[in-house]
Amino acid sequence: MSWEAVARKDFQDAVRSRWLWVLSALSIVVFAGAAIGQLYLGGGQQTPQQSQGLLQGFLFFLKQGTAILIPLTAIVVAYASITRERESGTMKLLLSLPHSRDDVVIGKVLGRSAVVALPVLIGFFVAFLALIPQASSVNFLVYIQFALLTALLGVVFVGISVGVSAAAKSNQQAIVGAGGLFGAFWFLWNFFVSGISRAVTDVFSVSAATKYQLELTLKLLNPIQSYKTLVDSLFMGDLQARVQMFSMLFGVIPNPEARQELGPELSPLFSDPVVLLFLLLWLVAPVGVGIIWFREADL
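These lines cover the structure that appears in this document, whether it is placed above or below. (Residues numbered from 1 in each chain as written. Predicted model: local features only at pLDDT ≥ 70, side-chain atom pairs only at ≥ 80, totals over all residues. Heavy atoms only, no water.)

### Brief notes about the environment of arginine 101
So, step 1. Turning to its location among the elements, arginine 101 is positioned in helix H6 (residues 101-131).
So, step 2. Classification of arginine 101 as partly exposed rests on a relative accessible area of 23%.
So, step 3. Sequence separation between arginine 101 and alanine 166 is 65 residues; the distance between their C-alpha atoms is 9.6 Å. (Helix = DSSP H or I, 4+ residues; strand = E, 2+ residues; numbered from the N terminus. Buried < 20%, exposed > 50% of the residue type's maximum accessible area, 1.4 Å probe, protein only.)

### What about a nonpolar patch on the surface?
So, step 1. Residues Leu121, Ile144 and Leu148 make up a contiguous nonpolar surface patch of roughly 260 Å² in combined accessible area.
So, step 2. Mapped onto the elements of the fold, leucine 121 is located in helix H6.
So, step 3. Under the relative-accessibility criterion, leucine 121 is labelled partly exposed at 35%. (Patch = residues over 30% accessible without salt bridge, like charges linked within 9 Å, V, L, I, M, F, W, Y side chains within 5 Å. Areas by Shrake-Rupley, 256 points an atom, 1.4 Å probe, with all protein chains shown as cover. Salt bridge = Lys/Arg side-chain N within 4 Å of Asp/Glu carboxyl O.)

### Looking at the packing of H6 against helix H7 (residues 140-167)
So, step 1. Between H6 and H7, whose axes approach to 8 Å, the crossing angle comes to 155°. Classified by the angle between their axes, H6 and H7 sit roughly antiparallel to one another. Crossing handedness for the pair H6 and H7: right-handed.
So, step 2. For the contact of H6 with H7, the per-class residue count stands at 20 nonpolar, 3 polar and 2 charged. (Axes fitted to C-alpha atoms, helices over the stretch in contact; angles between N-to-C directions. Parallel < 35°, antiparallel > 145°, perpendicular 65-115°, else oblique. Left-handed = near helix turned anticlockwise from the far one by under 90°. Nonpolar A, V, L, I, M, F, W, Y, C, P; charged D, E, K, R; others polar.)

### Section: the side chain of histidine 99
So, step 1. Position of histidine 99 among the secondary structure elements: in the loop between helix H5 (90-96) and H6.
So, step 2. Within the structure, histidine 99 has its side chain in polar contact with the side chain of serine 2 (distance 2.3 Å).
So, step 3. Not counting residues up to four positions away in its chain, the partners in contact with histidine 99 are Ser2, Ala5, Val6, Leu94 and Val104. (Polar contact = N/O pair within 3.5 Å; in protein donor to acceptor, adjacent residues only side chain to side chain. Contact = heavy atoms within 4.5 Å.)

### Observations regarding helix H1 (residues 2-16)
So, step 1. The end-to-end C-alpha distance of H1 is 21 Å, a good match for the 21 Å that 15 residues give at a rise of 1.5 Å each.
So, step 2. Along H1, the residues classified as buried are Ser2, Val6, Ala7, Asp10 and Ala14. Looking straight down H1, one finds that the buried residues subtend no more than 140° of arc, so they occupy a single side.
So, step 3. One or two residues past the end of H1 sits arginine 18, with phi positive at roughly 70°. (Expected span 1.5 Å × (residues − 1). Arc of directions from axis to C-beta.)

### Focus on the nonpolar core
Side chains that are nonpolar tend, in soluble globular proteins, to be buried together.
So, step 1. In terms of nonpolar packing, the biggest core is built from 79 residues, with Phe58, Ile82, Val105, Phe124, Tyr143 and Phe157 touching the most fellow members.
So, step 2. When residues in this core are grouped by element, the largest group, 17 residues, is from H7.
So, step 3. In contact with isoleucine 82, other than residues within four places in its own chain, are Met91, Val104, Val105, Lys108, Val162, Ser165, Ala166 and Phe294. (Core = buried A, V, L, I, M, F, W, Y, C linked by side-chain atoms within 4.5 Å.)

### Quick notes on the side chain of arginine 242
So, step 1. Checked against the element boundaries, arginine 242 lands in helix H11 (residues 238-244).
So, step 2. Contacts of arginine 242, omitting those with residues within four sequence positions, involve Leu216, Thr229, Leu230, Ser233, Leu266, Phe270, Ser271, Asp272 and Val275.

### Considerations on the packing of aromatic side chains
So, step 1. With the rule as written, the count across this model stands at 11 aromatic pairs.
So, step 2. Consider the rings of phenylalanine 124 and tyrosine 143, whose centres lie 5.7 Å apart with planes at 75°: the pair is edge-to-face. Linking phenylalanine 124 in helix H6 with tyrosine 143 in helix H7, this pair joins segments that are 19 residues apart in sequence. Accessibility assignment for this pair places phenylalanine 124 and tyrosine 143 in one class, buried.
So, step 3. Between the aromatic rings of phenylalanine 128 and tyrosine 143, the centroid separation amounts to 6.3 Å while the plane-to-plane angle is 35°, which identifies the pairing as tilted. Residue phenylalanine 128 is found in helix H6, and its partner tyrosine 143 is found in helix H7; the two are separated by 15 residues along the sequence.
So, step 4. Ring pairs connect the aromatic residues Phe31, Phe124, Phe125, Phe128, Tyr143 and Phe146, which therefore count as one cluster.
So, step 5. Arginine 101 extends its terminal NZ or CZ atom over the ring of phenylalanine 294, reaching a point 5.5 Å from the ring centre.
So, step 6. When the ring centre of phenylalanine 246 is taken as reference, the NZ or CZ atom of lysine 219 above it lies at 5.3 Å. (Phe/Tyr/Trp six-rings, centres within 6.5 Å; stacked < 30°, edge-to-face > 60°. Lys NZ or Arg CZ within 6 Å of the ring centre and 35° of its normal.)

This is the structure we're talking about:
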């Protein structure tokens, strides 16, 4: 398939430009450093309960950093994947080969996804080796799930960035578009959720339970918040993880009203598989829009 050739070349170019090695080194420093700091600074042999608590603390601490670092890394790696070749003129050469425009976009997504996801998994593997001596009773299935979710977050933001790059006319437009979306997810999304919730409540006088369900739906449309609540579900269960989304100060101050209105059982519409679909939507939709836009683009 033609897109396979594009993906392979894109990945090989990243290896030659040392992107893969730089990102791998950064991932090892971040993940292994966090593991060593969390486990070894405590010192001494850990009981199973202490080991599990240490892992939970490690993942909670690391989740805050990966939710920023991984999307930014993906944006830097992928935002110019299409526009740079358009500006340099190599896109016309690429399309003169047996590659369609769809093949180019899909191949770029796959190639850049490998560039982002592989270093993440390498970093988690090295951190895994650091965790073994002091945490023999740790649930490593949870750890593996966290690693895969983090790699998926990187792939999602690669999809967003390549989709924006396919629709943009220049590198400047691409970085503004991808960076703007990241800024909206991190700094503006909760204001948007609160505004919509207040408007709906004022116009329709909905119940408190409906208000929280609406806010939860809007929060889950944010890929970063979807990722973080899926990580929380590894320890808390899906209901508590969704309630945690309404807490303040990074989950330190709980919201008992949210717990009351969303419980005692969580609706299947907010279960982990559905939240995962919310996250995957941000991989598929931007790429699809980018493909459609790029088909008609004047090169």
